[in-house]
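Report on the structure
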Amino acid sequence: MAVRSPLLNKLSLIFGPRPPLNWILLCLVSVFVLIALLGSSSSSTFDSVTSSAKPDIYTNYRKLKEQARNDYLELKSISLGANRIKDVGLCGKDRENYVPCYNVSANLLTGLKDGEEFDRHCDLSRKHQDCLVRLPKDYKIPLTWPAGRDVIWSGNVKLTKDQFLSSGSMTKRLMLLEENQIAFHSEDGMIVDGVKDYSHLIAEMIGLGSDTEFLQAGVSTVLDIGCGFGSFGAHLLSLKLMALCVAAYEPSGSQVQLVLERGLPAVIGNFISKQLPFPSLSYDMVHCAQCGIIWDSKDGLFLIEIDRLLKPGGYFVLTSPTTRQQDSSTGAKKGSMSSPLEEFTKKLCWSLLAQQEETFIWQKTVDSQCYTSSRQGDIPVCKGNDMQLYYQPLARCISGTTSHPWVPLHSKSDPLNSTELEIHGLHPDDFFEDSEFWKLALRNYWSLLSPLIFSDHPKRPGDDDPLPPYNMVRNVMDMNAHYGGLSAALMEASKAVWVMNVVPLGARNTLPLILDRGFAGVLHNWCEPFPTYPRTYDLLHANGLLSHIVSQKCSMFQLLLEMDRILRPEGWIILSDTLGPIEKARTLAAQIRWEARVIDLQNGSEQRLLVCQKPFARK
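Residues numbered from 1 in each chain as written. Predicted model: local features only at pLDDT ≥ 70, side-chain atom pairs only at ≥ 80, totals over all residues. Heavy atoms only, no water.

1. What about the confidence of the model for the protein chain?
Note the threshold: Every residue is assigned a pLDDT by the predictor, reflecting its confidence on a scale from 0 to 100. In this analysis, two residues are considered to be in contact whenever any of their non-hydrogen atoms come within 4.5 Å of each other.
Mean pLDDT for the protein chain: 79, with 73% of residues reaching 70 or above. Scored below 50 in pLDDT, residues 1-23 shows 59 contacts in the model against residues more than four places distant or in partner chains. Here residues 456-469 scores under 50 on pLDDT; set against residues more than four positions off or in separate chains, the count is 18 contacts.

Written out as structure tokens, the structure is:
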């Protein structure tokens, strides 16, 4: 999508005069007949489409959909003929929770140790089997949001009863393990040491009256390291903060897998040896509660990485009983801070705001000149631009003082003003044009998908058709996020979703802008697997990614296999691109056994949509 093209040209990607191809017509009829019956226009919102829905309309639509699907499969078979490509087979049972690039056994054989064996090593995982990750035996479709936040199916995550029983007392207060479910206590039931009380404590320690004032104080994005099972992040999300969980890869009992199953933002990542794939000055707060990191080890490299990620004036919150016990034995005046930790925080120009029991809060300086003063000590300032870091080795130098706008936490505006947009290299008119385009595109996406999403599911006999406001799409990934326009449109439309905004390596790096807008985002090379567990996203969206993959000389087939791995059963894919890549992707989608349909945008151009659904089970 050209940023400076006229708005009407962009809108023509959604509307246009030319009729669709004949073989797609039956699929389109099934969608637009229902929309017409509901009295909805092509630009109607999700709410208007579903507000007048009745069971008999869903039944009629189901028949149309089934007929369209049968006709599509027949046409596909005829078109392929004798040269029909063989469908991709299923992986073995041992790959039910397979995450590429995290082969701990192979890493150990190469001599990696001291935690580095759990790091991401895609270069050691080049040998791969072209297969589809199968479902666990007891897998069930997650409950709709918000019920799915508090109750998940135990068969959907790799967490055993023994692992649950060995978890800490705080975790046990937040969870109950039933026969086939894991239920999380609501905050209303927490009286002592609850998540809500803990959040209030942090707010008070940084000088706020309540945690509801986080946003007013400039705290909108939080990186939660080693987030446990996500209850703290869930509470922050309820306060309209974006809390992203980052936790190390775990062969079993994964925090990240469980948090994503709850419909909360999470990604696999640690910094034992490499920096996280975020630019400098990305987060307003970094939080660690018993996250298992020894912060004063490796000559303070971990603390230097935290300093790199924090915005000027940002907060580092550390809750650790181990640190308190070590300090109390030294007789330190404030009782818990170890001497090496104290020394490193001073070198980083951090100030200790407050400490209470096991919790400490430091604030990063807003004075960039502090790092070149005598107080800074022996930690030099990094040279060069570090805005497109991608799993680079941890560096013993201070980042972000010159390569990114040094804007103190309390000085930023929401939404971004014209000056801040221009700092990111974006003209305000282009930004407005992009935002308006995605608002209209979202309405049409939702009008297209809502009758499909809210039709009944024959794979769940006995279930009634879900009615609004139940939400069957919660975890969304924008695989080529650009400025984060889709994420903003979803938020403005009050959709109960969150978006992982991915900026592809090799494209214009807009991740600093996305993070400054308060969204979740990460830099990623789509020639490699994404750092998440299987079945963790409900909807994948990509605009122009197929063409980007071709330009990078990477395999589109491997990209679609990866998309299948991270998409939950009955999840959705929307790909927007030119005719050539879309037709190739449609053929590959047939191999993977997705239900796929190509939609001509009727504007006389080669732009097309490929809309796919992953089946619950492949026959």
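2. Quick look at the sheet that holds strand E5 (residues 242-247)
To be explicit about the condition: DSSP-based pairing: two strands are paired if at least 2 bridges between them are found. Counting from the N terminus, the helices are DSSP H or I runs at least four residues long and the strands are E runs at least two residues long. Every angle, taken between N-to-C directions, lies between 0 and 180 degrees, and every axis is a line fitted to C-alpha atoms, over only the stretch in contact when it is a helix.
Read from one edge to the other, the open sheet built from seven strands follows the order E6-E5-E4-E7-E8-E10-E9, with strand pairing classed as mixed. Looking at which strands have only one partner, the edges of the open sheet turn out to be strand E6 (266-268) and strand E9 (350-356). Strand-to-strand twist of the sheet, defined as the mean angle between neighbouring strand axes without regard to direction, takes the value 20°. The pairing of strand E4 (residues 221-225) with E5 spans five bridges and is parallel. By the bridge assignment, Ile-225 is partnered in E5 with Val-246. Its contacts with the sheet place helix H10 (residues 231-238) against E4, E5 and strand E7 (283-289), and it is angled at close to 165° to E5. Seen against the sheet, helix H12 (residues 301-309) touches E4, E7, strand E8 (310-319), E9 and strand E10 (359-364) and runs at an angle of roughly 135° to E8.

3. A closer look at the environment of Leu-389
Among the structural elements, Leu-389 can be located in the loop between E10 and helix H15 (418-423). Sequence-wise, Leu-389 and Leu-523 are 134 residues apart; in three dimensions their C-alpha atoms are separated by 8.2 Å. Residue contacts for Leu-389: discarding those within four places in its chain leaves Gln-275, Pro-277, Arg-308 and Leu-523.

4. Concerning the side chain of Ser-254
Heads up, the rule is: Each polar contact in these results corresponds to two N or O atoms within 3.5 Å; when the atoms are within protein, one needs to be able to donate a hydrogen and the other to accept it, and residues that are neighboring in sequence are counted only if both atoms are side-chain atoms.
Tracing the sequence through the fold places Ser-254 in the loop between E5 and helix H11 (255-261). Looking at Ser-254, its side chain comes within polar contact range of the side chain of Tyr-533, at 3.1 Å. Setting aside residues no more than four positions away along its own chain, Ser-254 makes contact with Lys-158 and Tyr-533.

5. So, the nonpolar core
In a soluble, globular protein the nonpolar side chains are often hidden away together inside. Applied cut-off: Put simply, buried Ala, Val, Leu, Ile, Met, Phe, Trp, Tyr and Cys residues joined by side-chain atoms within 4.5 Å make one nonpolar core. Think of it in three bands: with a 1.4 Å probe and only protein chains considered, a residue is buried below 20% of the maximum accessible area for its type, exposed above 50%, and partly exposed in between.
By size, the foremost hydrophobic cluster in this structure holds 102 residues, and its most contacted members are Leu-223, Trp-295, Phe-316, Met-477, Met-500 and Leu-560. Looking at which element gives the most residues to this core, the answer is helix H20 (residues 556-566), with seven residues. Beyond its immediate sequence surroundings of up to four residues, Leu-560 is in contact with Leu-546, Ala-585, Leu-588, Ala-589, Ile-592 and Trp-594. Listed in part, the 23 residues of the second largest apolar core include Ala-441, Val-476, Leu-490 and Ile-599.

6. Notes on the packing of H20 against helix H21 (residues 579-592)
The condition that has to hold: To sort the angles, those under 35 degrees are grouped as roughly parallel, those over 145 as roughly antiparallel, those from 65 to 115 as roughly perpendicular, and the leftovers as oblique. Handedness of a crossing is defined here by the sense of rotation of the near helix relative to the far one, left-handed for an anticlockwise turn of less than a right angle and right-handed for a clockwise turn. The nonpolar class holds Ala, Val, Leu, Ile, Met, Phe, Trp, Tyr, Cys and Pro. Asp, Glu, Lys and Arg form the charged class, and all remaining residues, Gly among them, are polar.
At a closest axis distance of 10 Å, the pairing of H20 and H21 adopts a crossing angle of 55°. Judged by the angle between their axes, H20 and H21 are oblique. Where H20 crosses over H21, the two elements pack in a sense that is right-handed. Taken together, the residues of H21 that come into contact with H20 (itself represented by Met-556, Phe-557, Leu-560, Leu-561 and Asp-564) are Pro-581, Lys-584, Ala-585, Leu-588, Ala-589, Gln-591 and Ile-592. For the contact of H20 with H21, a count of residues per class yields nine nonpolar, one polar and two charged.

7. Concerning the pairing of strand E12 (residues 498-504)
Quick reminder of the rule: Whether a crossover is right-handed comes down to one check: with the strands pointing away from the viewer, does the path from the first strand over the helix to the second run clockwise; if it does, it is right-handed.
Across the seven residues of E12, seven count as buried, placing the element largely inside the fold. Every second residue of E12 is oriented toward a common face, with Trp-498, Met-500, Val-502 and Pro-504 on one face and Val-499, Asn-501 and Val-503 on the other, all of them buried. Both strand E11 (residues 475-478) and E12 contribute to a ladder of four bridges, which runs parallel. If you follow Asn-475 over to E12, its bridge partner there is Trp-498. A crossover connection joins E11 to the parallel E12 through helix H17 (residues 485-492); in handedness this β-α-β unit is right-handed. Strand direction decides the pairing type here: E12 and strand E13 (residues 520-524), joined by five bridges, are parallel. Bridge pairing in E13 places Met-500 opposite Ala-520. With helix H18 (residues 511-516) bridging E12 and the parallel E13, this β-α-β connection has right-handed handedness.

8. Thoughts on the state of the cysteines
Cut-off, in case you're wondering: Two cysteine sulfurs form what is called a disulfide whenever their separation falls within 2.5 Å.
Overall, the coordinates contain seven disulfides when judged by the stated rule. Disulfide pairing places Cys-91 opposite Cys-131 at an S-S distance of 2.0 Å. Between Cys-91 and Cys-131, the S-S torsion sits near 95°, and that sign places the bridge as right-handed. Taken as a pair, Cys-91 in the loop between helix H4 (55-80) and helix H5 (104-109) and Cys-131 in the loop between H5 and helix H6 (147-150) lie far apart in primary sequence, 40 residues in all.

9. Points about the pairing of strand E14 (residues 537-543)
With respect to burial, E14 is a largely interior element, seven of its seven residues being buried. Summarising the sheet, E11 and E14 pair through three bridges and their orientation is parallel. Bridge pairing in E14 links Val-476 to Leu-539. In the sheet, E14 pairs with strand E15 (residues 567-578) via six bridges, with the strands oriented parallel. The residue of E15 that forms the bridge with Asn-543 is Ser-576.

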